[in-house]
Amino acid sequence: MVFLAAALPVQAVRLEQIVSREDPKFHCADARMTVGRDGNVYLSSNDQHGGYILRVSRDGSQKLGGDAVYMMANATANAAGVIASANAHFNHAVNLYDANFKQFAACSEFLVGDKEGWDAPARVEAGASGDFYGLDQHRQRILRINATGKIVQVSKTPEQSVDFRVCEATQLFYLRGRDGVLRGVGFDGQVKWEQKISGVWTVDDAGTLYALAGEMLKKYGPTGEAQGEIKLPVSAVTAIGVFGDEFVVKRADPAELFQVHELATGQLKRVVPSAHEQIGRAHV
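For clarity, every value in this text was computed on a predicted model and none was experimentally measured. (Residues numbered from 1 in each chain as written. Predicted model: local features only at pLDDT ≥ 70, side-chain atom pairs only at ≥ 80, totals over all residues. Heavy atoms only, no water.)

(A) Molecular detail of the pairing of strand β24 (residues 256-262). Within β24, six of the seven residues are buried, leaving the element largely enclosed by the surrounding structure. Here four bridges tie strand β23 (residues 246-251) to β24, and the two strands are oriented antiparallel to one another. The partner of Val-249 across the bridge, within β24, is Gln-259. Between β23 and β24, which pair antiparallel one after the other, the connecting turn spans four residues. Across five bridges, β24 lies against strand β25 (residues 268-273) in antiparallel orientation. The residue bridging His-261 from the neighbouring strand is Leu-268, located in β25. The hairpin turn running from β24 into β25, its antiparallel successor, is five residues long, and Gly-266 in that turn takes a positive phi close to 85 degrees. (Buried < 20%, exposed > 50% of the residue type's maximum accessible area, 1.4 Å probe, protein only. Helix = DSSP H or I, 4+ residues; strand = E, 2+ residues; numbered from the N terminus. Pairing = 2+ DSSP bridges.)

(B) A look at the sheet that holds strand β6 (residues 72-77). Pairing is antiparallel in the open sheet, where four strands are placed in the order β6-β7-β8-β9. The open sheet is flanked by β6 and β9 (103-107), the only strands paired with a single partner. Mean inter-strand twist for the sheet, computed between neighbouring axes without regard to direction, equals 20 degrees. Judged from the five bridges that link them, strand β7 (residues 83-87) and strand β8 (residues 93-97) form a sheet pairing that is antiparallel. Bridging from a neighbouring strand, Asn-87 pairs with Ala-93 of β8. (Axes fitted to C-alpha atoms, helices over the stretch in contact; angles between N-to-C directions.)

(C) Spotlight on the nonpolar core. Within the largest apolar cluster, 16 residues are counted, with the highest numbers of intra-cluster contacts made by Phe-26, Met-33, Leu-43, Leu-54, Val-56, Leu-257 and Phe-258. Looking at this core, the elements with two or more residues in it are β2 (32-35), β3 (41-47), β4 (50-56) and β24. Listed in part, the 15 residues of the second largest apolar core include Leu-96, Val-124, Ala-126 and Ile-145. (Core = buried A, V, L, I, M, F, W, Y, C linked by side-chain atoms within 4.5 Å.)

(D) Quick look at unusual backbone geometry. The omega torsion of the bond from Ala-120 to Pro-121 falls at 0 degrees, within 30 degrees of zero and hence cis. By the secondary structure assignment, Pro-121 is in the loop between β9 and β10 (124-126). Of note, the phi angle at Met-71 is positive, near 55 degrees, even though the residue is not glycine. We classify Met-71 as partly exposed; its relative accessible area is 33%. Backbone geometry at Gln-140 places phi at a positive 55 degrees, although glycine is not the residue there.

(E) Region of the structure containing the pattern of salt bridges. One pass over the full model with this rule turns up 22 salt bridges. The salt bridge involving Lys-63 is made with Glu-22; its shortest N-O contact spans 2.8 Å. In this pair, Lys-63 is assigned in strand β5 (residues 63-68) and Glu-22 in the loop between β1 (13-20) and β2, connecting sequence segments 41 residues apart. Exposure remark for Glu-22: the relative accessible area of 14% places this residue in the buried category. One salt bridge in this structure joins Lys-231 and Glu-215, with 3.6 Å as the shortest N-O distance. Placement of the pair is Lys-231 in strand β21 (residues 226-231) and Glu-215 in the loop between β19 (209-213) and β20 (216-220), with a sequence separation of 16 residues. Overall, the relative accessible area of 55% leaves Lys-231 in the exposed class. (Salt bridge = Lys/Arg side-chain N within 4 Å of Asp/Glu carboxyl O.)

Printed below as a string of structure tokens:
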């Protein structure tokens, strides 16, 4: 018996390499994204040389970056363009910068400890008033900080949280606990509702919550009630944000800063790329 082996066509495999032309301290794929109250997108990055913040307009036409304090959890801005970053480790502060990334103030009233507290504050958020909110998670509280770096209010939280958002219009904090449950907590510290919500999430100016798990973007009202969902064909999403009628998506991609979609339909409006070169060659 004779076996004949059919000749298989040789297929060329294209190998590609992304060479970043951004600042060496900026790492596009794992940068953290927040949409500021000024409508710009803030991407923060860390390496052994320190922190870096990249500010990009949502249409991608304007971009400016600057050095920042190391060990950033995230960075954002109020409507006036004052930038804030949440910095852990030895710094333990919410740091404030002007529009050119020059630091001018800091609030250092976050827990410092050898066994716990090294990762506080976990996040900073900007309120519609222009004040900032820093999550002092190990003390179970949120510090409200004005644009000069002064504490103007301290709010207790019912448990230790790992992430949060804020809506001043509804006087509500949105807190995700270590158990994965997301709670709506009033500025008075009282839990208003609880929901087991998975995926990445954000909150808009009206207090509407958006959560993206897989390709489904789910919408919840300020009292935690489900308000529908739409399909969003994206993958490897690490952060989302809302500004006006636009929905901003950050993916773990070395060549893409973010995507902008229509909030109502999920339709893709534009992809804002990083500064990079794509080098490729065929390999047999």
